[in-house]
Amino acid sequence: PPGRRPRPNIRELAMNAVNPLLLEMLPWVKQGDCCSQLLMRLALQTSGEENPGLVRALWGFCRGILYTGGPCGFLTGGVAVLSHAAGHGGADDPAHPMAVALIADYVDWFQERTAAYGGTSCPQVSLGVAGGAAGPDAEPDMMLCGGLLAECWEKIVELTAAYDIDITQPKQVR
């Protein structure tokens with residue numbers, strides 16, 4: 001009708017507001033990496049590590065634990081990143097004394113952040129990030145999820161700093 005503006009294209013809006021972090025991640029997005037893998041790549045890059053096996057292990061968390069409707073990869077991937085930085089690795093590699101609280105804080109934050117989407121499952125978060133413009137069975141779109149990727153990474157950096165965990169260095173066995 002006259003005077004009514006056309007509905008904005010959600011993909012176009014997202015492309016115009018691409019987060020610089022997503023631009024850095026774009027080569028990995030194009031090769032098929034998902035949310036959980038991208039967070040781990042950021043962590044490994046930050047500490048100067050390379051660990052393709054660890055990135056590969058996070059593939060199982062992609063797309064809601066491989067299309068099962070499971071949790072968003074930004075939740076599971078964030079927990080994996082924090083576990084990599086502060087978790088228990090064996091008798092000679094104890095967990096940081098506050099690792100459980102650290103991870104609980106991230107999970108609590110993520111649940112609050114995604115509450116408006118109806119939950120933390122990949123389908124709920126994907127649909128919420130798309131503003132309802134995608135169907136309930138839509139494939140997660142990293143171009144739309146880029147803002148949430150940046151928020152999750154910022155929260156990981158904030159929490160590790162608050163718990164005095166240096167993520168710029170590989171975890172040292174104590």
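Residues numbered from 1 in each chain as written. Predicted model: local features only at pLDDT ≥ 70, side-chain atom pairs only at ≥ 80, totals over all residues. Heavy atoms only, no water.

Asker: Before we go on, may I ask you to explain the overall build of the protein in this structure?
Answerer: On a plain count of helices and strands, the protein comes out with nine helices and zero strands. Secondary structure elements of the protein, listed N to C terminal, follow the sequence α-α-α-α-α-α-α-α-α. Taking the contacts inside the protein whose residues are at least 6 apart along the sequence as the reference set, 67% of them involve residues at least 24 apart. Summing over all exposed atoms, the protein offers an accessible surface of approximately 9,500 Å²; the carbon and sulfur share of this is 56%. (Helix = DSSP H or I, 4+ residues; strand = E, 2+ residues; numbered from the N terminus. Contact = heavy atoms within 4.5 Å. Areas by Shrake-Rupley, 256 points an atom, 1.4 Å probe, with all protein chains shown as cover.)

Asker: What should I look at first to understand helix α3 (residues 35-47) in this one?
Answerer: The α-helix advances 3.6 residues per turn, and as a result positions three or four apart in sequence lie on the same side. In this model, α3 (13 residues) spans 19 Å end to end at C-alpha, consistent with the 18 Å of a helix rising 1.5 Å per residue. Across the 13 residues that make up α3, a large majority, 10, are buried. Among the residues of α3, C35, S36, Q37, L38, L39, M40, L42, A43, L44 and S47 are the ones counted as buried. (Expected span 1.5 Å × (residues − 1). Buried < 20%, exposed > 50% of the residue type's maximum accessible area, 1.4 Å probe, protein only.)

Asker: Could you clarify how one ought to interpret the environment of G60 in this entry?
Answerer: Checked against the element boundaries, G60 lands in the loop between α4 (52-57) and α5 (62-67). Residues G60 and G73, 13 residues apart in the sequence, show an inter-C-alpha distance of 9.4 Å.

Asker: Please clarify how the nonpolar core should be interpreted in this entry.
Answerer: In globular proteins that are soluble, nonpolar side chains generally tend to be buried together. Counting residues in hydrophobic clusters, the biggest one holds 37 residues, and the most contacted among them are L39, M40, F74, Y106, F110, C152 and W153. When residues of this core are traced back to their parent elements, those giving at least two are α2 (20-30), α3, α6 (73-86), α7 (99-114), α8 (122-129) and α9 (142-162). (Core = buried A, V, L, I, M, F, W, Y, C linked by side-chain atoms within 4.5 Å.)

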